[in-house]
Amino acid sequence: GAVVSQHPSRVICKSGTSVKIECRSLDFQATTMFWYRQFPKQSLMLMATSNEGSKATYEQGVEKDKFLINHASLTLSTLTVTSAHPEDSSFYICSARDQGQGVSGYTFGSGTRLTVV
Amino acid sequence: QKEVEQNSGPLSVPEGAIASLNCTYSDRGSQSFFWYRQYSGKSPELIMSIYSNGDKEDGRFTAQLNKASQYVSLLIRDSQPSDSATYLCAVNPNDYKLSFGAGTTVTVRA
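Residues numbered from 1 in each chain as written. Chains lettered and ligands numbered in written order. Predicted model: local features only at pLDDT ≥ 70, side-chain atom pairs only at ≥ 80, totals over all residues. Heavy atoms only, no water.

Participant: So what exactly am I meant to see when it comes to the environment of B:M48 here?
Facilitator: Residues and elements named next belong to chain B. When you line up the elements, M48 lands in strand β5 (residues 45–50). Distance from M48 to W35, taken between C-alpha atoms, is 5.2 Å for residues 13 residues apart in sequence. The contact partners of M48, leaving out residues within four places of it in the chain, are F33, F34, W35, K56, E57, D58, F61, T62, A63 and L74. (Helix = DSSP H or I, 4+ residues; strand = E, 2+ residues; numbered from the N terminus. Contact = heavy atoms within 4.5 Å.)

Participant: Just checking my understanding: could you explain the interface of chain A and chain B for this structure?
Facilitator: In many reports, interface size means the accessible area that the parts give up when they come together. Taken together, the contacts link 19 residues of chain A with 20 residues of chain B. In this structure, the connection of chain A to chain B is made through one salt bridge. Taking the shortest distance from any N to any O, the salt bridge between A:E59 and B:K97 comes out at 2.9 Å. Going through the elements one at a time, β4 (32–38), β5 (45–51), β9 (90–97) and β10 (106–108) of chain A are the ones with two or more residues in the side of chain A that touches chain B. (Salt bridge = Lys/Arg side-chain N within 4 Å of Asp/Glu carboxyl O.)

Participant: Looking at this structure, I do not really get the packing of aromatic side chains. What am I missing?
Facilitator: Centre distance and the angle of the planes are the two values used to describe a pair of aromatic rings. For the structure on display, the rule yields 11 aromatic pairs over all chains. Ring geometry for A:F34 and A:Y106: centres 6.0 Å apart, planes at 45°, overall tilted. Here A:F34, found in strand β4, pairs with A:Y106, found in strand β10; they are 72 residues apart in sequence, far enough to count as distant. Overall, A:F34 belongs to the buried group, its relative accessible area being 1%. Its relative accessible area of 3% is what places A:Y106 among the buried residues. When the ring of A:Y36 is compared with that of B:F100, the centres are 5.6 Å apart and the planes differ by 85°; the resulting orientation is edge-to-face. With A:Y36 in strand β4 and B:F100 in strand β10 (residues 99–100), the pair connects residues from two separate chains. For the pair A:Y36 and B:F100, one class covers both residues: buried. (Phe/Tyr/Trp six-rings, centres within 6.5 Å; stacked < 30°, edge-to-face > 60°. Buried < 20%, exposed > 50% of the residue type's maximum accessible area, 1.4 Å probe, protein only.)

Participant: Help me understand the environment of B:K97, please; the structure alone is not making it clear to me.
Facilitator: Within the element layout of this structure, B:K97 appears in the loop between β9 (85–92) and β10. Not counting the four nearest positions on each side in its chain, B:K97 is found in contact with A:F34, A:L46, A:E59, A:Y106, B:V91 and B:N92. One polar contact links B:K97 to A:E59, side chain to side chain, over a distance of 2.9 Å. (Polar contact = N/O pair within 3.5 Å; in protein donor to acceptor, adjacent residues only side chain to side chain.)

Participant: Got a minute to help me understand the nonpolar core in this structure?
Facilitator: A general tendency of soluble globular proteins is for nonpolar side chains to be buried together. Grouped together as the largest cluster of nonpolar side chains are 25 residues, with contacts concentrated most on A:W35, A:F67, A:L79, A:Y92 and A:L114. When residues of this core are traced back to their parent elements, those giving at least two are β2 (10–13), β3 (19–25), β4, β5, β7 (67–73), β8 (76–81), β9 and β11 (112–116) of chain A. Those residues in contact with A:L114 that lie beyond four places of it in its chain are A:V11, A:C13, A:V19, A:V81, A:D88, A:S89, A:S90 and A:Y92. Residues B:M48, B:A63, B:I76 and B:C89 belong to the second largest nonpolar core, which totals 23 residues. (Core = buried A, V, L, I, M, F, W, Y, C linked by side-chain atoms within 4.5 Å.)

Participant: When you look at the sheet that holds strand β3 (residues 19–25) of chain B in this model, what are you seeing that I'm missing?
Facilitator: Strand pairing within a sheet occurs via backbone hydrogen bonds; the two strands may be parallel or antiparallel. Residues and elements named next belong to chain B. Taken in spatial order, the five strands make up an open sheet running β1-β3-β8-β7-β6, and their pairing is antiparallel. Of all strands in the sheet, those with a lone pairing partner are β1 (4–6) and β6 (54–58), marking the two edges. On average, each strand axis in the sheet is inclined to that of its neighbour by 20°, with strand direction left out of account. Pairing between strand β7 (residues 61–66) and strand β8 (residues 71–76): six bridges, direction antiparallel. Counterpart to N66 in the pairing with β8 is Y71. (Pairing = 2+ DSSP bridges. Axes fitted to C-alpha atoms, helices over the stretch in contact; angles between N-to-C directions.)

Participant: Can you walk me through unusual backbone geometry in this structure?
Facilitator: Glycine aside, residues mostly have negative phi angles, and peptide bonds mostly take the trans form. Residue and element names in this part refer to chain A. For the peptide bond that leads from H7 to P8, omega is -5°, which places it in the cis range. Positionally, P8 belongs in the loop between β1 (4–7) and β2. Backbone geometry at K41 places phi at a positive 60°, although glycine is not the residue there. Tracing the backbone shows K41 in the loop between β4 and β5. You can call K41 exposed: its relative accessible area is 88%.

Right, here's the structure in full:
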């Protein structure tokens, strides 16, 4: 089945620094990837939709200058949390859709636990 | 009104019992419905998808969809301790992104 690889799985950074998270589709091409954030005991909240070769589409309330998304190829999307603050500490998860599997083809990466100290 | 709502839980069931999870959605035009299981600290994994009214069975899991009532449910038969997790209902309202419910945490007592 479709596999999405996400790295790093866990990162601790100092307040004010930037952190990059990578999401790769390993055995399929993904023109669209999705970035979610999940706070403890809450559901997944879609942050943005990453589109290969074009600008990402951000959900309402998500700062595009703070959460930079780059989707430079059909297999790689990156999320950079810039000038991170403790309130950005969360579980970030990417998802990609394998078009070949139709509407059921949403696969999630393993997630990145970000802690800002 | 939230796009996707789930019974809040938590739900505790004895081993071997049936766990029943419910979900309602607001977008009547939605066509695809999913149940994901998420273990603590892990990302969601797809356990069931359903697109047509009626029941769909896969092993111990049965998904039920009623589009007229905008309702989708998941039954877990013969619940096992390994089924203890949070179950997320997801709806595909516009064919390219998913909307998730808040999740229902299930605990299966041995």
